[in-house]
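Tertiary structure, described
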Amino acid sequence: MNQVRKNSLLMVAGLALLCAPVFVASARAENVTQTIEMVRVDVQKLSTGYRTSKIIGTSVVNDGGETIGKIDDLIVSPDDNKSAYVIISVGGWLGMGTHLVALPYNSLQITTSKVTLPGATKDGVKALPEFKYSTT
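The following refers to the structure shown.

1. Regarding the overall build of the protein
When its secondary structure is counted, the protein shows 4 helices and 8 strands. Going from the N terminus to the C terminus, the protein shows its helices and strands as α-β-β-α-α-β-β-β-β-β-β-α. Here the protein holds 136 residues, and the buried ones make up 25% of them. Counting only contacts in the protein whose residues sit at least 6 apart along the sequence, the fraction spanning at least 24 positions is 42%. With the model as given, the accessible surface of the protein reaches about 9500 Å², and the carbon-plus-sulfur share is 55%.

Written out as structure tokens, the structure reads:
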């Protein structure tokens, strides 16, 4: 598993931390106040979550069971460091001609047996703007 995917897993796990109580401590460095947030995590609950390494490569289906595409990646938005997006590869054959699209992670319904994108069609998803990874 590459480092980007490991970092994605850590970022998604970090999203779960936002629902926990927050403890704040302050420190002084060079006359600047720095705030550090310590968060208590319910590790038992978190351990039942969906691991990035298990989600990536999973087929995404619609309500009718039609395969829409496969999960290529998970990305946390740099705008707020809280919003997660799923990158889905649609179309193509053996990796050739695939079209990547970005969708909000919360638009998926994930269970232990499948990942569903309710109300989607393959053509509808493929018509979305193409996602391209930044080169910087």
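2. Concerning the side chain of Asp 73
Residue placement: Asp 73 occurs in strand β4 (residues 67-76). Its relative accessible area of 5% is what places Asp 73 among the buried residues. Within the structure, Asp 73 has its side chain in polar contact with the side chain of Tyr 133 (distance 3.2 Å).

3. What about the sheet that holds strand β3 (residues 59-61)?
Strand pairing in a sheet is mediated by backbone hydrogen bonds. Such pairs are either parallel or antiparallel. With respect to topology, 6 strands assemble into an open sheet ordered β6-β5-β4-β3-β8-β7, the strand pairing being mixed. Both outer strands of the open sheet, β6 (99-104) and β7 (109-110), are each paired with one neighbouring strand and no more. Pairing between β3 and strand β8 (residues 115-116): 2 bridges, direction parallel. For Val 60, the partnering residue across the bridge sits in β8 and is Val 115.

4. Some words on the nonpolar core
Core analysis: the largest hydrophobic core is formed by 17 residues, its most contacted members being Val 60, Ile 71, Val 86, Ile 88, Leu 108, Leu 117 and Val 125. In this structure Leu 117 touches Val 60, Val 61, Asn 62, Asp 63, Leu 103, Ser 107, Leu 108 and Val 125, once residues within four positions along its chain are discounted.

5. What to know about the environment of Ser 47
Within the secondary structure, Ser 47 sits in the loop between α2 (43-46) and α3 (52-55). At 2.7 Å, the side chain of Ser 47 forms a polar contact with the backbone oxygen of Gln 44.

Basis of the calculations
Residues numbered from 1 in each chain as written. Predicted model: local features only at pLDDT ≥ 70, side-chain atom pairs only at ≥ 80, totals over all residues. Heavy atoms only, no water. Helix = DSSP H or I, 4+ residues; strand = E, 2+ residues; numbered from the N terminus. Buried < 20%, exposed > 50% of the residue type's maximum accessible area, 1.4 Å probe, protein only. Contact = heavy atoms within 4.5 Å. Areas by Shrake-Rupley, 256 points an atom, 1.4 Å probe, with all protein chains shown as cover. Polar contact = N/O pair within 3.5 Å; in protein donor to acceptor, adjacent residues only side chain to side chain. Pairing = 2+ DSSP bridges. Core = buried A, V, L, I, M, F, W, Y, C linked by side-chain atoms within 4.5 Å.

That's the geometry; what it means functionally is another story.
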